[in-house]
Amino acid sequence: MAKRFDRNPKLTYPPECKELNEELSKDELVKRLKMLAKAFQDLGQDENNEYKELALYLASEFFMDHSSKDVRLLVACCIADIFRVFAPEAPYTETEHLKEIFLFLTEQLRGLSDPDSPSFRRYFYLLENLAWVKSFNICLELEDNQDILNGLFKMMFEIVSDKHSTKVIGFMLDVMCPLLTEADIVSQELLDIILACILEPFKTQRRAAYNLARDLIRRSSSAIEPYVQTFFSNALMLGKTSESDLSDRLLDLIQELNGIAPSILIGVLPQLEFKLKSADESERMSATRLLAKMFSEPNSDLAMLHKPLWSCFVGRFYDIDINIRRLCTQASQEFIVNHPELVQDVSGSIGIGEHLRHRQHDSDENVRMDVVQAIVGASKRALANVTDDLLECVKERTLDKKFKIRKEALVGLGQIYKCCCEANGSDLERLTWVRNKVLHAYYHNAVDDKVLVERILNTSLVPYSLEPAERMKRLYLLYTNLDKHAIKALQEIFRTQFGLRNLVRTVLDIHQKGESEEVNQMLSAKVVQLSRFLSEPTKAQEHLKKFVGMIRDDMKMRGNLLKLVTPGCSCKKAEDYVKEIIRKLGNPVPNNFLYTNVKQLLERIAPVMIDGSAVMALASHIREIMENKDGSEMDSHSASGSDDSLESGMNLLLMLSNVYQSCFHSEDVYRCLLVFVKSEVDSISDIALQVFKNVGVSMEQMFPAIHSILLPILQKMAKSGTPKQAKHALRCIDAMCKSKDEIFRQLYEHLKQNMKHDSPNFLTSLVGIGHLSSLRPSLFVSSTEDLVNTFIKPELLSKDRTIGRKSNESWCQEHLVSEETLAKIQGLKLMVRWLLGCRTAGNKASSTFRLLYTMILCEGDLMEQGNINKAEMARLRLQAGCCMLKLAQEPIFADAIRLEQFETMALLVNDPCYEVRVQFVQKLHKGLLALRLPLQYMGVLCLGALDPLKERRAIVKQMFVANVTRRREYLKQNLTANSNKIFTLLPDYVLPYAIHLLAHDPDYTTYDDINALKGIKDCLTFMLDPLLTKNENISFNFYKKMFESIKQRKDVQCVMSDEANKKLYAICDLALTLISAKSSHFSQTEFAAEPVLPKRLYTEPDLARPNTTVYLPSEFLTGQASKAKKLAAVSSSSAKASEIKKKTTSAVLHDSTKVRSRIESLDSSISSNPSSPVSSTKSSPHGLSERNRTSLSNKLHSARAISKAQGGGKTFSPNDDIERYKRGNSNSRGESSEEDVESSSLSHRTGKKSAKSTSGSKKSAAMANQPAVLAKKKKPSSIASSGSATRTGKTTQSKILDFVKRASTRGKGRSESLDRTSSADSSVKPASTDFEDEEEMEADEEVEENEEVVEESEVESEEDEKEKKEAASSRRRASASNSQSSSRTSTQGKKASATVSKKQTNVRVTTKKAISDGNKASKKKGNSTEAASLKRQRDSSQESSSLPSSSVKRPKSRNLSNGTSDGEEDESSGSGKRGKTTALPSAVLRRRKGVLAIKRREGAAARAAQKYADFEVPVGIITPKKEKMMISD
């Protein structure tokens, strides 16, 4: 307590100071205190003894509690001086008194809050005195000092302000710092007062207090560090939060302290690792946010100092909580900008960059969005710190499934590119891919993506706000650095904008017609078309209708819109017109969809980049570069003046000339183009001619001077320029001149005179005459026809005048191609152009198609003399295929192409040469996408599934999908106009064409060829997947009906060939199996229309005989289909077996008497004349035909051989049968070598086909392997007159032998196919038997599956068996007589017959046992036996189908003037006789086999090959001498 004194105490005062007492007035007291304060200021420390009582008096209650603040201030100043004078021993000794004094001084220091106060100088003196003397340190000795310290610190932070000078703040710190550094302990309450000032709201609202606390902490960090660490340890680890009011703001404190004095937190930060691993998401979130800020702050080295904590922090990139992952990705931007060293791996730990690459694939779209934003934001601020891997992340997100992420990535890349262009930095080289990537996004199907790319193009890649010259430099730089895909996208952008402007102009034209119902319908149709170019077309229609109504009512808006879409509108005016129109659409708020949709439409149609001045600037820029090829005048980022760069610039002009023709109508532009035409670089001159052709329509009237200069140049180029120059020059003349017939006549005569091999302008003449015939067919068609018939075909194409260079390459560059080959290519093109001018498809077209077809067959070497190397042959056959495609685009010629020609052309899709495949498919796709080629040609793309390269298969499939989408969109837009043509446009109707094409695949030789069917399955899947996906009108029943309808028909191309039709049916079954597997995804409702099949491919359906047979091998059948096939076979086998039994019994009973009498007559005849040979081509008047006898002998021999092979019954000696077979075969074929007979007999014993290529061996193998076939010759007239002709039918004995044969091959899966061409005599046709071969083959399988049917076929009545034995006996005698007629006597024949008779009595027993043993053997062999059997069957069928027979052998000389050869005529006629498809020549098979061989070897070798490497076929496969090896491979 302050001491109390008397009212008038007797004290000693300094000199000139008056006495102080309580009776003095306030003013007088203030006056005397001022004098006393001044005196104390002048006192030294040695003059203090006499003023002790005065000091105590001044600290009395009267003065410290005085009502006047001036009195209190003066007293405080005096007390402060007293502490100085009496230091170090203060006159105040009582604790309570000292506490009151310091509290009084603290309260007086509050006057510092107003620096503008008149008394501020005394307050400042008081502060300075206290700071200098450190008077408050006395408080540290007091036991109860917390109130003083807390009050002082709290008061200091309250009064400090921005008005205080640095001296004031410095003295404040001088007062407070010693109290922290010299204190024995810092209380938590005092610590809270200090730390609270570095948090909000002090940090933002009271910045002076924050700065004071910050400086105080920095100056006393070492003193308060242990207390701070203790505080955080208690709060973080022990959870003691009640001791401090800041316990709930720990992480904020750590963040601020880290920025103020990081050393304080050395022991605190490791404790945050527990917070990062907390189970509480909020704690993890707070800790992650804190550390993200701390680690990412500039100049922070915490990541290096606290590596375990850093590793724990980056682990939060994979936190289960989405918000924490987002927080980490968002903080990455600061890491990239401030700490690029942390982006890469840091001392063994993974850097931020790797974690961002992982987060870009996050399942949450917001995280992926944050990744893009972080990288893009960092790139804008410090692109040098952003690695290429991070930019690759943004590049990948341009393909994200969410549009908002794609948008963020594309816009970000555009902004980065724009910043680099404006800064002209070296980083632009790193961003060359940005241009391509942005434009590649235009390939996305969504309209939003297309609109976005157009916006980025106009705002970032080529900003429309730039001046024309600078804008065109940017456009030139952009175009010359684009890849081919980006160039196509840019072309499509300009083309789409041009089409939209025309569409809007059409709407405005319709408005001029007034108001009527018809006009409204037309407007509605145009609105629907416009809406397809906007986001959400369905909703956009409503807003566009409203906009169209506004145009009708608002004349000014209509006028602005018309000016906007008028050709020649400048960019500046276009921008003004857009602003005027959208101003009337309301405010740009999110809910104003009318504003949004119309603005989007206007953005797409406004020509803000190209106008007349821009074209002039671009042409001048290109001319400048051409004149300064060293590029010295170009900036460092402009394209160089190389020929490639100039060519790209010219292509840019060409692209613009197709869209902005009116912008080129300027004399300055035309003069620049004239300079380009005269260029010595052929490519630049060619492109300039094309530009003139596009924009020079009105040149003759508007710019006659330019026209007069250009015309002679064009005529000269048409006569003596390069082929390309001649082509474009003629087209220019056609476009520019009105009176051009006379010019063309002169040019034609001149070119015709140069139509010589030795002429230097030979190629130019070929090109020129071809184009003249196409441009003016009425003038030159007849002359060109004579030229084609007298020179092109017989001289140019039919003769090889030179020998090409030796090369084994499959392709070469154009400059390496010989001039003769180039001339042949141009000759083919000339013929096509001539035909297109004729527009008639008579003999002219037929002969041309035959020539093209033959060239493809011959692999490009029409004469087959070996004078052309492989690379040039590839170019020639490619050109032949492209010519056929070109002609097929005209309906009159498409119908003239024969099916075999079409099928051969289609094989170019699988050509061994990579370039041939690529270019042919590109031509095909281009014609299909333009809807110029018939739907039939779309089916050719299915063969792309057999391409050996995975990349090519993907590209071809994309083409097929594009064609499907194109046709469906076209039908949606033009459904009413093309309702009659829907069958020629609907992509689903490509299936009948594709099935027919696949059925005639040269690799598909038999209908049950498993390997070929696997490839066909790939082709069908290749087509069905795009057709069945994204098809809202899909119907399973429609496809099912289509395939079933095909099975009811036959192939028009080979109606009589059962094998060909079975192949067709097998493919239909395969297609049914494929769609059945996906039927659960389809609608099961009936389709409204019945499938319509092309009559050119299929006959009318045979509804009387439903085709329910499944022709697929069991490997391709699903479980249910296989079961159904088995049940159907079992159910039908009983009926067929019964029918066979009935027919057999009837035949035997009817023929028994006649057969017995004929045999007796035959025996007597032979006995009377034993040396008389029996003719191999005629039958005896009273005997069996030689063919029937031989067949019976073969069957008997086969049964024995099979019994021996299966181990069933007794082992028989085949010698007698071999001799009889040898004699019979010799009679039927003339003389046969012993080697052939031995080969055939070996085939009998082993059950294998002979590998001999001679016709006799083939016949022997066919007869040995097909004992069930009884072929019959035509009956001679002698037999017909005598009435003794034999019935053609199977006896019971022959059927039993047949059954033995079939039982022995049980388990193989199917019978071998019938050989219908085994007869050597062309005049003898196969005789029909009582039972159809197909039914027998099916019955064989069915009987094998059904034991009851087997037993039923074995059980015979005793009477029937008696009659059958008699018939068998008669057959044996007939066979014996046949043997005697060859070289033996009647006695030897009877002996052999007796031997047969003796052994034949055990047929029943042998049959049953053979069946049982055959079952066991087949089960034991398993799948290996089946596979080997199928391979032998396939190899033999391939050999027989691929080796050309004598009747279709291609002659060496051809009459090419007629476009065909004798061999082709024989082939077509032979095909008609046989009723079968003529096998393609081995050359085509070699190419196709080579492609498939490449596919089989696809793997490491194919992947290691370069992208454009040639695919060479192994020599062992393509060498003609090893053709058999290739076929059986």
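Per chain, the residues get numbers from 1 upward, laid out in the order the sequence is written. Confidence filtering applies because this is a predicted model: local features only for residues at pLDDT of at least 70, side-chain atom pairs given and counted only at 80 or more, and all residues used for totals across whole chains, interfaces and linings. Hydrogens and waters are ignored; side-chain quantities use all the structure's heavy atoms.

> What should I look at first to understand the overall build of the chain in this one?
Along the backbone of the chain there are 71 helices and zero strands. For every residue, the accessible area obtained with a 1.4 Å probe (protein chains only) is divided by the maximum for its type, and the residue is called buried under 20%, exposed over 50%, and partly exposed between those limits. Taking all 1529 residues of the chain together, the buried fraction comes to 54%. Pairs of residues are marked as contacts when any of their non-hydrogen atoms sit within 4.5 Å. Within the chain, residue pairs in contact and separated by at least 24 positions form 74% of the contacts whose partners lie at least 6 positions apart. Values of accessible area rely on a 1.4 Å probe in the Shrake-Rupley scheme; residue burial ignores everything except the protein chains shown. Of the accessible surface of the chain, which amounts to about 69100 Å², a share of 50% is contributed by carbon and sulfur atoms. Think of it this way: any DSSP run of H or I at least four residues long counts as a helix, any run of E at least two long counts as a strand, and we number them from the N terminus.

> Help me out: how do you make sense of the packing of aromatic side chains in this one?
Two aromatic rings are characterised by how far apart their centres lie and by the angle between their planes. Between the rings of Phe, Tyr and Trp (Trp by its six-membered ring), a pair exists once the centres lie within 6.5 Å; its type follows the angle of the planes, with under 30 degrees stacked, over 60 edge-to-face, and the other angles tilted. A complete count under the given rule lists 25 aromatic pairs for this structure. Pairing Phe62 with Phe63 gives two aromatic rings, centres 4.8 Å apart and planes at 80°, and the pair type is edge-to-face. Taking relative accessible area as the criterion, Phe63 reaches 0% and is therefore assigned buried. Taken together, a centroid distance of 6.2 Å and an interplanar angle of 80° make the contact between Phe494 and Tyr660 edge-to-face. One end of the pair, Phe494, is in helix 26 (residues 484-511); the other, Tyr660, is in the loop between helix 33 (643-659) and helix 34 (667-677), and 166 residues separate them in sequence. The class of Phe494 is buried, set by a relative accessible area of 2%. What makes Tyr660 buried here is its relative accessible area of 7%. An aromatic cluster of three or more residues is present, and its members are Phe83, Tyr92, Phe102 and Phe136. We count a charge as sitting over a ring when the NZ of a lysine or the CZ of an arginine lies within 6 Å of the ring centre and within 35 degrees of the ring normal. When the ring centre of Tyr442 is taken as origin, the NZ or CZ atom of Lys450, which lies over that ring, is 4.7 Å away. The residue whose ring lies beneath Lys1063 is Tyr1004, and the NZ or CZ to ring-centre distance is 5.6 Å.

> Just checking my understanding: could you explain the side chain of Arg833 for this structure?
Counting through the fold element by element, Arg833 comes out in helix 42 (residues 819-838). Charged-residue counts in this description rest on Lys and Arg as positive and Asp and Glu as negative, His and the chain ends being excluded. The rule for a salt bridge is simple: a side-chain nitrogen of Lys or Arg has to be within 4 Å of a carboxyl oxygen of Asp or Glu. The charged side chain of Arg833 is buried without a salt bridge, its nearest counter-charge being Glu814 at 11 Å. Sequence-distant contacts of Arg833, defined by excluding residues within four places in its chain, comprise Val767, Gly770, His771, Ser773, Ser774 and Gln826.

> How should I be thinking about the pattern of salt bridges in this particular structure?
Once their charged atoms are close, side chains differing in charge can pair, the charge on each being opposite to the other. What the rule picks out here adds up to 56 salt bridges. Notably, a salt bridge pairs Asp147 with Lys99, separated by 3.6 Å at the nearest N-O pair. Taken together, the residues Asp147 in helix 7 (residues 146-159) and Lys99 in helix 5 (residues 95-109) connect sequence positions 48 residues apart. The partner of Arg968 in a salt bridge is Asp988, and the shortest N-O contact between them spans 3.9 Å. Residue Arg968 is located in helix 48 (residues 950-973), and its partner Asp988 is located in the loop between helix 49 (982-985) and helix 50 (990-999); the two are separated by 20 residues in the primary sequence. You can call Arg968 buried: its relative accessible area is 15%. Among the charged side chains, a salt-bridge network with shared partners connects Asp734, Lys740, Asp741 and Arg776.

> I'm lost on the nonpolar core in this one. Help?
One recurring pattern in soluble globular proteins is that nonpolar side chains are buried together. Counting 357 residues, the largest nonpolar core has Phe136, Phe232, Ile254 and Leu1020 as the members making the most contacts within it. Sort the elements by how many residues they give to this core and helix 4 (residues 69-85) lands first, with 12 residues. Counting residues in hydrophobic clusters, the runner-up holds 35 residues, among them Val507, Ala540, Leu585 and Val608. By nonpolar core we mean a set of buried residues, namely Ala, Val, Leu, Ile, Met, Phe, Trp, Tyr and Cys, connected to one another through side-chain atoms within 4.5 Å.

> Explanation requested: unusual backbone geometry in the structure shown.
Negative phi is the rule for most residues except glycine; trans is the rule for most peptide bonds. With an omega of 10°, the peptide bond between Glu200 and Pro201 qualifies as cis. Along the polypeptide, Pro201 turns up in the loop between helix 9 (188-196) and helix 10 (202-205). Its identity is not glycine, yet Lys134 carries a phi of approximately 60°, on the positive side. Judged by its relative accessible area of 40%, Lys134 falls in the partly exposed class. Of note, the phi angle at Leu931 is positive, near 60°, even though the residue is not glycine. Within the secondary structure, Leu931 sits in the loop between helix 47 (914-929) and helix 48.

> I tried to follow the environment of Gly414 on my own but got confused; where do I start?
Looking at where Gly414 falls in the secondary structure, it is placed in helix 22 (residues 403-423). Linking Gly414 and Ile456, residues 42 residues apart in sequence, is a C-alpha distance of 6.2 Å. For Gly414, the residues in contact, after removing those within four places along its chain, are Ile456 and Ser460.

> Where do I start with a negative patch on the surface in this structure?
A surface patch of like charges, here negative, comprises Glu189, Glu200, Asp245, Asp248 and Asp252. Within the fold, Asp248 resides in the loop between helix 12 (221-238) and helix 13 (250-260). What makes Asp248 exposed here is its relative accessible area of 66%. Surface patches are drawn from residues lacking salt bridges whose relative accessible area is over 30%; two like charges belong together within 9 Å, two nonpolar side chains (Val, Leu, Ile, Met, Phe, Trp, Tyr) within 5 Å. Charge placement uses NZ in Lys and CZ in Arg. For Asp and Glu, CG and CD serve respectively.

> How should helix 12 be read in this particular structure?
An α-helical segment advances 3.6 residues per turn. Residues three or four places apart therefore align on the same side. For a helix, the expected span equals 1.5 Å multiplied by the number of residues minus one. With 18 residues, helix 12 extends 24 Å from end C-alpha to end C-alpha; this agrees with the ideal 26 Å at 1.5 Å per step. Tucked inside the fold, the buried residues of helix 12 contact helix 8 (166-181), helix 9, helix 11 (207-219), helix 13 and helix 14 (272-276).

> What exactly am I supposed to notice about the confidence of the model for the chain here?
Regions with low pLDDT should not have their predicted coordinates read in detail. What pLDDT conveys is the predictor's confidence in a given residue, as a value from 0 to 100. When pLDDT is averaged along the chain, the result is 76; 69% of the residues meet or exceed 70. Predicted confidence is poor over residues 630-639, with pLDDT under 50, and the contacts of this stretch with residues over four places away or in other chains come to 16 contacts. Scored below 50 in pLDDT, residues 1414-1529 makes 183 contacts in the model with residues more than four places away or belonging to other chains.

> Help me understand the packing of helix 25 (residues 468-479) against helix 32 (residues 612-627) in this model?
To characterise two packed helices, one gives the angle between the axes of the helices and the distance between these axes. Interhelical geometry of helix 25 versus helix 32 gives an angle of 60° and a closest axis separation of 9 Å. Relative to helix 32, the element helix 25 is oriented oblique. You can see that helix 25 and helix 32 cross each other, and the crossing is right-handed. Contact with helix 25, carried on its side by Pro468, Ala469, Arg471, Met472, Lys473 and Tyr476, involves Ser613, Ala614, Ala617, Leu618, His621, Ile622 and Ile625 of helix 32 and no other residues of that element. The axes used here are C-alpha line fits, helices contributing only the stretch in contact, and every angle between their N-to-C directions lies in the interval 0 to 180 degrees. Roughly parallel means an angle under 35 degrees; roughly antiparallel means over 145; roughly perpendicular covers 65 to 115; every other angle is labelled oblique. Throughout, a crossing is termed right-handed when the near helix is turned clockwise from the far one, and left-handed when it is turned anticlockwise from it by less than a right angle.

> Explain the environment of Gly881 here, please?
As for its position among the elements, Gly881 is in helix 44 (residues 870-888). Note on Gly881: relative accessible area 0%, which makes it buried. Sequence-wise, Gly881 and Leu908 are 27 residues apart; in three dimensions their C-alpha atoms are separated by 7.4 Å. Those residues within four positions of Gly881 in sequence are excluded, and the remaining contacts are Ile856, Met905, Leu908 and Phe920.

> Before we go on, may I ask you to explain the state of the cysteines in this structure?
A covalent bond between the sulfur atoms of two cysteines is referred to as a disulfide. Put simply, a disulfide is two cysteine sulfurs that come within 2.5 Å. In this structure the tally under the stated criterion is zero disulfides. Cysteine Cys569 is unpaired, with the sulfur of Cys571 as its nearest cysteine sulfur at 7.9 Å. Cys882 carries a free sulfur, and the closest cysteine sulfur to it, the one in Cys883, is 7.1 Å from it.

> Explain the environment of Leu787 to me, please; I cannot follow it from the model alone.
Inspection of the secondary structure puts Leu787 in helix 41 (residues 777-797). Through-space distance from the C-alpha of Leu787 to that of Met755 is 9.2 Å; in sequence the pair is 32 residues apart. Residues within four places of Leu787 in sequence aside, it is in contact with Met755, Ile769 and Ile792.

> Is there a simple way to explain the packing of helix 37 (residues 704-720) against helix 39 (residues 741-753) in this structure?
Two elements in contact, helix 37 and helix 39, have axes whose closest approach is 10 Å; the angle formed by their N-to-C orientations is 30°. When the interaxial angle is binned, helix 37 and helix 39 end up roughly parallel. Two packed elements cross with a definite hand, and for helix 37 against helix 39 that hand is right-handed. Here Leu711, Gln715, Ala718 and Lys719 of helix 37 lie close against helix 39, whose contacting residues are Ile743, Leu747, His750 and Leu751. Here the term charged refers only to Asp, Glu, Lys and Arg, the term nonpolar to Ala, Val, Leu, Ile, Met, Phe, Trp, Tyr, Cys and Pro, and the term polar to all other amino acids, Gly among them. Taken together, the residues that form the contact of helix 37 with helix 39 break down as five nonpolar, two polar and one charged.

> Just to check I follow, could you spell out a positive patch on the surface for this structure?
On the surface, a cluster of positive charge is made up of Lys693, Arg731, Lys886, Lys923 and Lys926. Given the relative accessible area of 62%, Lys926 is considered exposed.

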